[in-house]
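Residues per chain are reported as follows:
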Amino acid sequence: MLELAPLSHGILLTTYIYIASILFHWILPGSFIRGYVCKDDPNKHPPPLLAYKLNGWFVVMAILGFLLHVTSEGFFLDHFWPAATSYYRYSLGCMVGGNIWGLVVSVIFYRRGVKWCRDNAFEKSEPIRCITKDQIPKKHLLLPARKPTKVKIKVKKRRRTLRSWMSFYRGVGEFNPRIAMPRGKLDVKMWLYLAGTLMLELQVLSLAGAHTVLYNGNEMSRVVRLTTGCWTWFCFDYLFNEHIHLYTYDLFAERVGLKLAWGCLGVYPFLYPIGQWCLVREILPEEDLSPTSEKCFLGLFLMGWMLTRGANYQKYMFKRYPRKKEILEGAMDQIVLTIKLPDDTQRNLLVSGFWGMSRHVNYLGEIIQGVALGLPILIVTKSPLAMIYPVFIASLLIPRQADDDKLCRAKYGDKAWNTYVQHVPYKIVPGIY
(Lines give C-alpha, C1' and ligand atoms only; values in the text may rest on other atoms or scores of the structure.)
Protein backbone atom coordinates (compact mmCIF):
# COMPACT_ATOMS: atom_id res chain seq x y z
CA MET A 1 0.00 0.00 0.00
CA LEU A 2 1.29 3.45 -0.96
CA GLU A 3 1.73 5.80 1.99
CA LEU A 4 -0.04 9.13 1.64
CA ALA A 5 2.13 12.26 1.55
CA PRO A 6 1.76 15.02 4.18
CA LEU A 7 -1.11 17.40 3.53
CA SER A 8 1.29 20.31 3.06
CA HIS A 9 2.81 18.57 0.03
CA GLY A 10 -0.59 18.22 -1.60
CA ILE A 11 -1.41 21.84 -0.87
CA LEU A 12 1.83 22.92 -2.56
CA LEU A 13 1.11 20.67 -5.54
CA THR A 14 -2.34 22.24 -5.91
CA THR A 15 -0.76 25.69 -5.79
CA TYR A 16 1.75 24.73 -8.49
CA ILE A 17 -0.97 23.29 -10.71
CA TYR A 18 -3.33 26.27 -10.42
CA ILE A 19 -0.54 28.78 -11.00
CA ALA A 20 0.77 26.71 -13.91
CA SER A 21 -2.70 26.76 -15.49
CA ILE A 22 -2.56 30.58 -15.51
CA LEU A 23 0.96 30.70 -16.96
CA PHE A 24 0.32 28.02 -19.61
CA HIS A 25 -2.93 29.72 -20.62
CA TRP A 26 -0.98 32.94 -21.07
CA ILE A 27 2.01 31.38 -22.90
CA LEU A 28 0.43 28.74 -25.15
CA PRO A 29 -1.28 29.73 -28.42
CA GLY A 30 -5.05 29.65 -28.69
CA SER A 31 -7.99 30.84 -30.73
CA PHE A 32 -9.53 34.26 -30.05
CA ILE A 33 -13.28 34.57 -30.27
CA ARG A 34 -15.95 37.11 -29.42
CA GLY A 35 -18.39 35.76 -26.87
CA TYR A 36 -22.06 36.25 -26.02
CA VAL A 37 -21.70 38.52 -22.99
CA CYS A 38 -20.70 42.16 -22.85
CA LYS A 39 -18.16 43.99 -20.78
CA ASP A 40 -19.29 45.07 -17.29
CA ASP A 41 -19.15 48.79 -18.04
CA PRO A 42 -22.25 50.81 -17.08
CA ASN A 43 -20.84 53.94 -18.69
CA LYS A 44 -20.79 52.54 -22.24
CA HIS A 45 -24.03 52.09 -24.19
CA PRO A 46 -23.87 49.69 -25.86
CA PRO A 47 -20.96 47.96 -24.07
CA PRO A 48 -18.46 45.97 -26.16
CA LEU A 49 -18.61 42.19 -26.43
CA LEU A 50 -15.94 40.35 -24.47
CA ALA A 51 -13.22 38.49 -26.38
CA TYR A 52 -11.80 35.20 -25.13
CA LYS A 53 -8.58 33.28 -25.63
CA LEU A 54 -9.47 29.58 -25.79
CA ASN A 55 -6.65 27.06 -25.40
CA GLY A 56 -7.85 24.79 -22.60
CA TRP A 57 -7.06 21.61 -24.53
CA PHE A 58 -3.41 22.61 -24.99
CA VAL A 59 -3.07 23.76 -21.37
CA VAL A 60 -4.43 20.55 -19.83
CA MET A 61 -2.46 18.25 -22.17
CA ALA A 62 0.76 20.18 -21.53
CA ILE A 63 0.42 20.20 -17.73
CA LEU A 64 -0.78 16.60 -17.44
CA GLY A 65 1.99 15.44 -19.76
CA PHE A 66 4.60 17.28 -17.70
CA LEU A 67 3.27 16.00 -14.36
CA LEU A 68 3.16 12.39 -15.55
CA HIS A 69 6.55 12.59 -17.25
CA VAL A 70 8.44 13.84 -14.17
CA THR A 71 7.17 10.89 -12.08
CA SER A 72 7.73 8.13 -14.66
CA GLU A 73 10.89 6.09 -15.14
CA GLY A 74 10.87 6.75 -18.87
CA PHE A 75 8.49 8.20 -21.42
CA PHE A 76 5.27 8.66 -19.50
CA LEU A 77 3.07 6.89 -22.06
CA ASP A 78 5.11 3.71 -21.51
CA HIS A 79 4.57 3.92 -17.73
CA PHE A 80 1.23 5.73 -17.68
CA TRP A 81 -0.58 4.13 -14.75
CA PRO A 82 2.45 3.91 -12.42
CA ALA A 83 3.09 7.60 -13.14
CA ALA A 84 -0.55 8.47 -12.44
CA THR A 85 -0.50 6.40 -9.24
CA SER A 86 2.27 8.56 -7.78
CA TYR A 87 -0.20 11.46 -7.52
CA TYR A 88 -2.58 9.35 -5.45
CA ARG A 89 -0.24 10.07 -2.52
CA TYR A 90 -1.18 13.75 -2.73
CA SER A 91 -4.94 13.35 -3.22
CA LEU A 92 -6.04 14.37 0.28
CA GLY A 93 -3.59 17.28 0.37
CA CYS A 94 -4.80 18.43 -3.04
CA MET A 95 -8.36 18.32 -1.76
CA VAL A 96 -7.42 20.57 1.17
CA GLY A 97 -5.42 22.85 -1.12
CA GLY A 98 -8.28 23.14 -3.61
CA ASN A 99 -10.69 24.18 -0.87
CA ILE A 100 -8.21 26.74 0.49
CA TRP A 101 -7.77 28.18 -2.99
CA GLY A 102 -11.53 28.31 -3.49
CA LEU A 103 -12.10 30.21 -0.25
CA VAL A 104 -9.23 32.65 -0.86
CA VAL A 105 -10.37 33.44 -4.42
CA SER A 106 -13.94 33.90 -3.14
CA VAL A 107 -12.81 36.46 -0.56
CA ILE A 108 -10.62 38.32 -3.07
CA PHE A 109 -13.42 38.72 -5.61
CA TYR A 110 -16.02 39.54 -2.97
CA ARG A 111 -13.87 42.48 -1.84
CA ARG A 112 -13.24 43.47 -5.45
CA GLY A 113 -16.98 43.23 -6.20
CA VAL A 114 -17.95 45.40 -3.23
CA LYS A 115 -15.50 48.07 -4.37
CA TRP A 116 -16.85 47.85 -7.93
CA CYS A 117 -20.40 48.30 -6.65
CA ARG A 118 -19.44 51.35 -4.60
CA ASP A 119 -17.55 52.90 -7.51
CA ASN A 120 -20.54 52.40 -9.83
CA ALA A 121 -23.36 53.14 -7.34
CA PHE A 122 -24.94 49.68 -7.51
CA GLU A 123 -26.80 47.75 -4.87
CA LYS A 124 -24.59 44.77 -3.97
CA SER A 125 -27.03 41.87 -4.14
CA GLU A 126 -29.35 42.98 -6.93
CA PRO A 127 -30.22 39.76 -8.84
CA ILE A 128 -29.86 40.94 -12.42
CA ARG A 129 -28.28 39.15 -15.37
CA CYS A 130 -25.37 40.27 -17.50
CA ILE A 131 -25.80 42.23 -20.71
CA THR A 132 -25.68 39.88 -23.71
CA LYS A 133 -25.32 40.33 -27.44
CA ASP A 134 -29.02 39.95 -28.17
CA GLN A 135 -29.86 42.83 -25.79
CA ILE A 136 -27.55 45.46 -27.26
CA PRO A 137 -30.14 47.17 -29.53
CA LYS A 138 -32.64 47.54 -26.65
CA LYS A 139 -31.17 50.22 -24.43
CA HIS A 140 -33.86 49.88 -21.79
CA LEU A 141 -32.80 46.23 -21.33
CA LEU A 142 -29.14 47.01 -20.76
CA LEU A 143 -28.39 45.41 -17.40
CA PRO A 144 -26.95 46.45 -15.05
CA ALA A 145 -27.90 50.11 -15.49
CA ARG A 146 -28.08 53.16 -13.30
CA LYS A 147 -31.09 55.40 -12.82
CA PRO A 148 -33.29 56.27 -14.60
CA THR A 149 -33.00 53.15 -16.80
CA LYS A 150 -32.51 50.56 -14.07
CA VAL A 151 -34.56 47.39 -14.49
CA LYS A 152 -35.01 45.41 -11.29
CA ILE A 153 -36.28 41.96 -10.52
CA LYS A 154 -38.41 42.03 -7.40
CA VAL A 155 -37.15 39.81 -4.58
CA LYS A 156 -38.11 39.37 -0.96
CA LYS A 157 -36.13 41.62 1.36
CA ARG A 158 -33.71 39.92 3.72
CA ARG A 159 -31.87 41.09 6.76
CA ARG A 160 -28.63 42.81 6.06
CA THR A 161 -26.50 40.01 7.55
CA LEU A 162 -28.27 37.41 5.41
CA ARG A 163 -27.91 39.58 2.33
CA SER A 164 -24.18 39.91 3.07
CA TRP A 165 -23.74 36.15 3.33
CA MET A 166 -25.82 35.56 0.22
CA SER A 167 -23.79 38.22 -1.60
CA PHE A 168 -20.59 36.43 -0.60
CA TYR A 169 -22.06 33.13 -1.77
CA ARG A 170 -23.44 34.37 -5.09
CA GLY A 171 -20.88 37.08 -5.76
CA VAL A 172 -21.25 40.82 -6.21
CA GLY A 173 -20.23 43.40 -8.77
CA GLU A 174 -18.91 42.32 -12.14
CA PHE A 175 -20.34 39.29 -13.85
CA ASN A 176 -17.15 38.60 -15.81
CA PRO A 177 -14.14 40.00 -13.93
CA ARG A 178 -10.76 40.01 -15.66
CA ILE A 179 -7.17 40.31 -14.51
CA ALA A 180 -4.63 42.33 -16.48
CA MET A 181 -1.80 40.27 -18.00
CA PRO A 182 1.25 41.37 -20.03
CA ARG A 183 -0.53 40.30 -23.22
CA GLY A 184 -4.25 40.78 -22.81
CA LYS A 185 -6.45 39.88 -19.85
CA LEU A 186 -7.24 36.68 -17.99
CA ASP A 187 -10.96 35.94 -17.85
CA VAL A 188 -11.49 34.69 -14.29
CA LYS A 189 -14.52 32.51 -15.03
CA MET A 190 -12.89 30.65 -17.91
CA TRP A 191 -9.76 30.12 -15.81
CA LEU A 192 -11.84 28.68 -12.96
CA TYR A 193 -13.42 26.15 -15.31
CA LEU A 194 -10.03 25.30 -16.83
CA ALA A 195 -8.24 24.85 -13.49
CA GLY A 196 -11.10 22.76 -12.10
CA THR A 197 -11.18 20.51 -15.17
CA LEU A 198 -7.41 20.00 -15.01
CA MET A 199 -7.50 19.00 -11.34
CA LEU A 200 -10.56 16.79 -11.88
CA GLU A 201 -8.80 14.80 -14.60
CA LEU A 202 -5.65 14.43 -12.49
CA GLN A 203 -7.74 13.12 -9.57
CA VAL A 204 -9.57 10.62 -11.76
CA LEU A 205 -6.36 9.31 -13.33
CA SER A 206 -4.53 9.02 -10.01
CA LEU A 207 -7.39 7.10 -8.36
CA ALA A 208 -7.69 4.77 -11.35
CA GLY A 209 -3.93 4.21 -11.26
CA ALA A 210 -3.99 3.42 -7.54
CA HIS A 211 -6.69 0.80 -8.07
CA THR A 212 -4.90 -0.76 -11.04
CA VAL A 213 -1.30 -0.76 -9.82
CA LEU A 214 -1.62 -1.10 -6.05
CA TYR A 215 -4.61 -3.35 -5.56
CA ASN A 216 -5.62 -5.13 -8.75
CA GLY A 217 -2.38 -6.60 -10.06
CA ASN A 218 -2.05 -4.14 -12.98
CA GLU A 219 -5.45 -5.24 -14.28
CA MET A 220 -8.12 -2.55 -14.46
CA SER A 221 -11.60 -3.71 -13.50
CA ARG A 222 -14.57 -2.99 -15.75
CA VAL A 223 -16.20 -0.53 -13.37
CA VAL A 224 -12.99 1.50 -13.09
CA ARG A 225 -12.46 1.38 -16.84
CA LEU A 226 -16.03 2.56 -17.41
CA THR A 227 -16.06 5.44 -14.92
CA THR A 228 -12.52 6.62 -15.67
CA GLY A 229 -13.25 6.64 -19.39
CA CYS A 230 -16.52 8.53 -18.89
CA TRP A 231 -14.92 11.14 -16.62
CA THR A 232 -12.08 11.64 -19.10
CA TRP A 233 -14.61 12.06 -21.91
CA PHE A 234 -16.50 14.53 -19.68
CA CYS A 235 -13.37 16.65 -19.16
CA PHE A 236 -12.03 16.68 -22.70
CA ASP A 237 -15.47 17.22 -24.22
CA TYR A 238 -15.62 20.50 -22.31
CA LEU A 239 -12.09 21.44 -23.42
CA PHE A 240 -12.90 20.77 -27.08
CA ASN A 241 -16.10 22.82 -26.83
CA GLU A 242 -15.02 25.83 -24.78
CA HIS A 243 -16.53 28.10 -27.45
CA ILE A 244 -19.99 26.61 -26.85
CA HIS A 245 -19.66 27.24 -23.11
CA LEU A 246 -19.41 30.97 -23.84
CA TYR A 247 -23.19 30.92 -24.46
CA THR A 248 -24.25 29.08 -21.28
CA TYR A 249 -26.01 30.20 -18.11
CA ASP A 250 -22.88 30.53 -15.98
CA LEU A 251 -21.39 33.33 -18.04
CA PHE A 252 -24.39 35.65 -18.18
CA ALA A 253 -26.22 34.87 -14.93
CA GLU A 254 -23.55 33.99 -12.34
CA ARG A 255 -21.06 36.18 -10.54
CA VAL A 256 -17.71 35.09 -9.11
CA GLY A 257 -18.60 34.34 -5.51
CA LEU A 258 -18.19 31.39 -3.18
CA LYS A 259 -20.61 29.36 -5.28
CA LEU A 260 -18.52 29.67 -8.44
CA ALA A 261 -14.94 30.10 -7.16
CA TRP A 262 -15.06 27.48 -4.41
CA GLY A 263 -17.28 25.35 -6.61
CA CYS A 264 -14.73 25.25 -9.45
CA LEU A 265 -11.54 24.95 -7.38
CA GLY A 266 -12.69 22.96 -4.34
CA VAL A 267 -15.93 21.14 -5.16
CA TYR A 268 -15.82 20.35 -8.87
CA PRO A 269 -12.45 18.49 -8.93
CA PHE A 270 -12.94 16.61 -5.65
CA LEU A 271 -16.64 16.15 -4.88
CA TYR A 272 -17.67 15.18 -8.41
CA PRO A 273 -15.41 12.09 -8.59
CA ILE A 274 -15.78 11.18 -4.90
CA GLY A 275 -17.28 7.84 -5.87
CA GLN A 276 -13.95 6.90 -7.46
CA TRP A 277 -12.45 6.68 -3.97
CA CYS A 278 -14.66 3.65 -3.32
CA LEU A 279 -12.84 1.84 -6.15
CA VAL A 280 -9.33 2.22 -4.73
CA ARG A 281 -9.24 -1.39 -3.56
CA GLU A 282 -9.15 -4.86 -5.00
CA ILE A 283 -12.26 -5.68 -7.03
CA LEU A 284 -12.81 -9.41 -7.50
CA PRO A 285 -14.14 -10.66 -10.85
CA GLU A 286 -17.36 -11.92 -9.27
CA GLU A 287 -18.24 -8.48 -7.84
CA ASP A 288 -17.24 -6.49 -10.95
CA LEU A 289 -19.69 -5.35 -13.61
CA SER A 290 -20.58 -7.82 -16.31
CA PRO A 291 -19.69 -6.89 -19.90
CA THR A 292 -23.39 -6.32 -20.63
CA SER A 293 -23.82 -4.02 -17.61
CA GLU A 294 -20.73 -2.08 -18.61
CA LYS A 295 -22.14 -1.48 -22.08
CA CYS A 296 -25.56 -0.50 -20.69
CA PHE A 297 -24.10 2.10 -18.33
CA LEU A 298 -21.88 3.42 -21.11
CA GLY A 299 -24.98 3.80 -23.29
CA LEU A 300 -26.79 5.61 -20.47
CA PHE A 301 -23.87 8.01 -20.05
CA LEU A 302 -23.73 8.72 -23.78
CA MET A 303 -27.48 9.34 -23.84
CA GLY A 304 -27.08 11.96 -21.13
CA TRP A 305 -24.10 13.44 -22.97
CA MET A 306 -26.11 13.68 -26.19
CA LEU A 307 -28.90 15.56 -24.42
CA THR A 308 -26.51 18.00 -22.75
CA ARG A 309 -24.10 18.54 -25.62
CA GLY A 310 -26.83 18.49 -28.27
CA ALA A 311 -28.94 21.08 -26.44
CA ASN A 312 -25.97 23.37 -25.79
CA TYR A 313 -24.80 23.02 -29.39
CA GLN A 314 -28.27 23.81 -30.76
CA LYS A 315 -28.52 26.90 -28.56
CA TYR A 316 -25.02 27.97 -29.55
CA MET A 317 -25.87 27.72 -33.25
CA PHE A 318 -29.11 29.64 -32.69
CA LYS A 319 -27.37 32.45 -30.80
CA ARG A 320 -24.42 32.59 -33.18
CA TYR A 321 -26.34 32.13 -36.44
CA PRO A 322 -29.95 33.18 -35.73
CA ARG A 323 -30.99 33.10 -39.40
CA LYS A 324 -30.14 29.45 -39.95
CA LYS A 325 -33.29 27.36 -40.40
CA GLU A 326 -31.61 24.01 -39.84
CA ILE A 327 -28.44 22.54 -38.34
CA LEU A 328 -26.51 19.26 -38.44
CA GLU A 329 -26.68 19.23 -42.24
CA GLY A 330 -30.46 19.42 -42.25
CA ALA A 331 -31.04 16.77 -39.58
CA MET A 332 -32.64 19.26 -37.15
CA ASP A 333 -34.91 22.22 -37.89
CA GLN A 334 -34.47 25.48 -36.01
CA ILE A 335 -38.10 26.42 -35.36
CA VAL A 336 -38.57 29.62 -33.39
CA LEU A 337 -41.45 31.23 -31.57
CA THR A 338 -41.63 34.98 -32.09
CA ILE A 339 -42.89 36.67 -28.93
CA LYS A 340 -43.83 40.28 -28.39
CA LEU A 341 -42.25 42.11 -25.47
CA PRO A 342 -43.88 44.88 -23.41
CA ASP A 343 -41.99 47.55 -25.40
CA ASP A 344 -43.51 46.24 -28.68
CA THR A 345 -40.20 44.70 -29.81
CA GLN A 346 -39.96 41.05 -30.81
CA ARG A 347 -37.76 38.19 -29.70
CA ASN A 348 -37.28 34.68 -31.05
CA LEU A 349 -37.13 31.60 -28.81
CA LEU A 350 -36.28 28.04 -29.85
CA VAL A 351 -39.19 25.57 -29.64
CA SER A 352 -37.80 22.69 -31.72
CA GLY A 353 -35.26 19.90 -31.39
CA PHE A 354 -33.82 19.54 -27.92
CA TRP A 355 -35.38 22.82 -26.81
CA GLY A 356 -38.82 21.63 -27.84
CA MET A 357 -38.54 18.67 -25.45
CA SER A 358 -38.25 20.78 -22.30
CA ARG A 359 -37.02 24.20 -21.25
CA HIS A 360 -33.88 22.75 -19.62
CA VAL A 361 -33.32 19.42 -21.29
CA ASN A 362 -29.57 19.97 -20.96
CA TYR A 363 -30.00 19.70 -17.17
CA LEU A 364 -31.70 16.34 -17.65
CA GLY A 365 -28.66 15.16 -19.61
CA GLU A 366 -26.28 16.18 -16.82
CA ILE A 367 -28.37 14.36 -14.22
CA ILE A 368 -28.46 11.20 -16.38
CA GLN A 369 -24.68 11.38 -16.76
CA GLY A 370 -24.36 11.61 -12.98
CA VAL A 371 -26.54 8.53 -12.50
CA ALA A 372 -24.53 6.61 -15.10
CA LEU A 373 -21.32 7.43 -13.20
CA GLY A 374 -22.63 6.76 -9.70
CA LEU A 375 -24.91 3.74 -10.06
CA PRO A 376 -22.27 1.22 -11.31
CA ILE A 377 -20.01 2.13 -8.37
CA LEU A 378 -22.94 1.67 -5.98
CA ILE A 379 -23.68 -1.76 -7.47
CA VAL A 380 -20.06 -2.93 -7.13
CA THR A 381 -19.06 -1.35 -3.78
CA LYS A 382 -22.46 -0.88 -2.05
CA SER A 383 -21.13 2.47 -0.79
CA PRO A 384 -23.54 5.43 -0.60
CA LEU A 385 -20.62 7.72 -1.49
CA ALA A 386 -21.15 6.61 -5.07
CA MET A 387 -24.41 8.56 -5.32
CA ILE A 388 -23.18 11.84 -3.85
CA TYR A 389 -22.39 13.31 -7.27
CA PRO A 390 -25.74 12.57 -8.98
CA VAL A 391 -27.66 13.79 -5.91
CA PHE A 392 -25.51 16.93 -5.74
CA ILE A 393 -25.88 17.76 -9.44
CA ALA A 394 -29.67 17.31 -9.26
CA SER A 395 -29.90 19.53 -6.18
CA LEU A 396 -27.81 22.17 -7.99
CA LEU A 397 -29.64 22.18 -11.32
CA ILE A 398 -33.27 21.98 -10.20
CA PRO A 399 -33.09 25.27 -8.20
CA ARG A 400 -31.09 26.81 -11.05
CA GLN A 401 -33.93 25.98 -13.43
CA ALA A 402 -36.33 27.86 -11.17
CA ASP A 403 -33.97 30.86 -10.97
CA ASP A 404 -33.53 30.89 -14.74
CA ASP A 405 -37.29 30.81 -15.30
CA LYS A 406 -37.69 33.82 -12.98
CA LEU A 407 -35.01 35.73 -14.86
CA CYS A 408 -36.64 34.93 -18.21
CA ARG A 409 -40.09 35.92 -16.98
CA ALA A 410 -38.69 39.25 -15.81
CA LYS A 411 -36.79 39.70 -19.07
CA TYR A 412 -39.63 38.87 -21.48
CA GLY A 413 -42.71 39.80 -19.43
CA ASP A 414 -45.51 37.58 -18.13
CA LYS A 415 -47.55 37.49 -21.33
CA ALA A 416 -44.66 36.56 -23.63
CA TRP A 417 -43.24 34.03 -21.19
CA ASN A 418 -46.64 32.35 -20.70
CA THR A 419 -46.94 32.03 -24.47
CA TYR A 420 -43.57 30.31 -24.60
CA VAL A 421 -44.51 27.99 -21.71
CA GLN A 422 -47.59 26.88 -23.65
CA HIS A 423 -45.32 25.72 -26.50
CA VAL A 424 -42.70 24.12 -24.20
CA PRO A 425 -44.61 23.13 -21.04
CA TYR A 426 -42.05 20.86 -19.39
CA LYS A 427 -39.26 22.26 -17.24
CA ILE A 428 -36.62 19.51 -17.28
CA VAL A 429 -38.02 16.02 -17.91
CA PRO A 430 -40.16 15.77 -21.08
CA GLY A 431 -43.65 14.49 -20.35
CA ILE A 432 -43.10 14.46 -16.57
CA TYR A 433 -41.68 17.66 -15.09
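Here the structure is shown first, and the text comes after it.
### Side note on the overall build of the protein chain
From N to C terminus, the protein chain includes 15 helices and eight strands. A sequence separation of at least 24 residues applies to 78% of the contacts in the protein chain between residues at least 6 apart. Carbon and sulfur atoms provide 62% of the accessible area of the protein chain, an area that totals close to 20,600 Å².

### Some points on the packing of aromatic side chains
Per the counting criterion, the structure on display carries 20 aromatic pairs. Measuring from ring centre to ring centre gives 5.2 Å for W231 and Y389, while their planes differ by 55 degrees; the resulting arrangement is tilted. Of this pair, W231 sits in helix α7 (residues 222-240) while Y389 sits in helix α14 (residues 388-412), and the two are 158 residues apart along the sequence. Just as W231 is buried, Y389 falls in that class too. These aromatic residues form a ring-pair network of at least three members: W231, F234, Y268, Y272, Y389 and F392. Seen from the ring of Y52, R178 lies directly overhead, with NZ or CZ sitting 4.8 Å from the centre. Across from the ring centre of F175, 4.2 Å away, lies the NZ or CZ of R255, which sits over that ring.

### Regarding α14
Since one α-helical turn is 3.6 residues long, residues separated by three or four positions face the same way. For α14, with 25 residues, the first-to-last C-alpha span of 36 Å sits near the 36 Å given by 1.5 Å per residue. In the segment just after α14, G413 is the residue with positive phi, at about 95 degrees.

### Examining a nonpolar patch on the surface
A cluster of nonpolar side chains, namely L4, L7, L92, V96, I100, V104 and I108, defines an oily patch on the protein surface of about 540 Å² accessible area. No other element matches the five residues that helix α4 (residues 91-120) contributes to the nonpolar patch. Within the secondary structure, L7 sits in helix α1 (residues 7-27).

### Description of the environment of I377
Its location among the elements puts I377 in helix α13 (residues 361-381). Overall, I377 belongs to the buried group, its relative accessible area being 2%. Along the primary structure I377 and Q276 are separated by 101 residues, whereas in three dimensions their C-alpha atoms are 7.8 Å apart. I377 has contacts with V223, T227, G275, Q276, C278, L279, K382 and A386, leaving out every residue within four places of it along the chain.

### Some thoughts on the nonpolar core
As a rule of thumb, nonpolar side chains are buried together in soluble globular proteins. By size, the foremost hydrophobic cluster in this structure holds 97 residues, and its most contacted members are Y18, Y52 and L192. The element that contributes the greatest number of residues to this core is helix α6 (residues 188-215), accounting for 14 residues. Every residue in contact with Y52, bar those within four places of it in the chain, is listed here: S31, F32, I33, G35, V37, N176, R178, D187, M190, L246 and L251. Formed by eleven residues, the second largest nonpolar core is a distinct cluster that contains L337, I339, V351 and C408.

### What to know about unusual backbone geometry
The phi torsion at K382 lies on the positive side, around 65 degrees, for a residue other than glycine. Mapped onto the fold, K382 is located in the loop between α13 and α14. Overall, the relative accessible area of 64% leaves K382 in the exposed class.

Criteria and thresholds
- Residues numbered from 1 in each chain as written.
- Predicted model: local features only at pLDDT ≥ 70, side-chain atom pairs only at ≥ 80, totals over all residues.
- Heavy atoms only, no water.
- Helix = DSSP H or I, 4+ residues; strand = E, 2+ residues; numbered from the N terminus.
- Contact = heavy atoms within 4.5 Å.
- Areas by Shrake-Rupley, 256 points an atom, 1.4 Å probe, with all protein chains shown as cover.
- Phe/Tyr/Trp six-rings, centres within 6.5 Å; stacked < 30°, edge-to-face > 60°.
- Buried < 20%, exposed > 50% of the residue type's maximum accessible area, 1.4 Å probe, protein only.
- Lys NZ or Arg CZ within 6 Å of the ring centre and 35° of its normal.
- Expected span 1.5 Å × (residues − 1).
- Patch = residues over 30% accessible without salt bridge, like charges linked within 9 Å, V, L, I, M, F, W, Y side chains within 5 Å.
- Salt bridge = Lys/Arg side-chain N within 4 Å of Asp/Glu carboxyl O.
- Core = buried A, V, L, I, M, F, W, Y, C linked by side-chain atoms within 4.5 Å.

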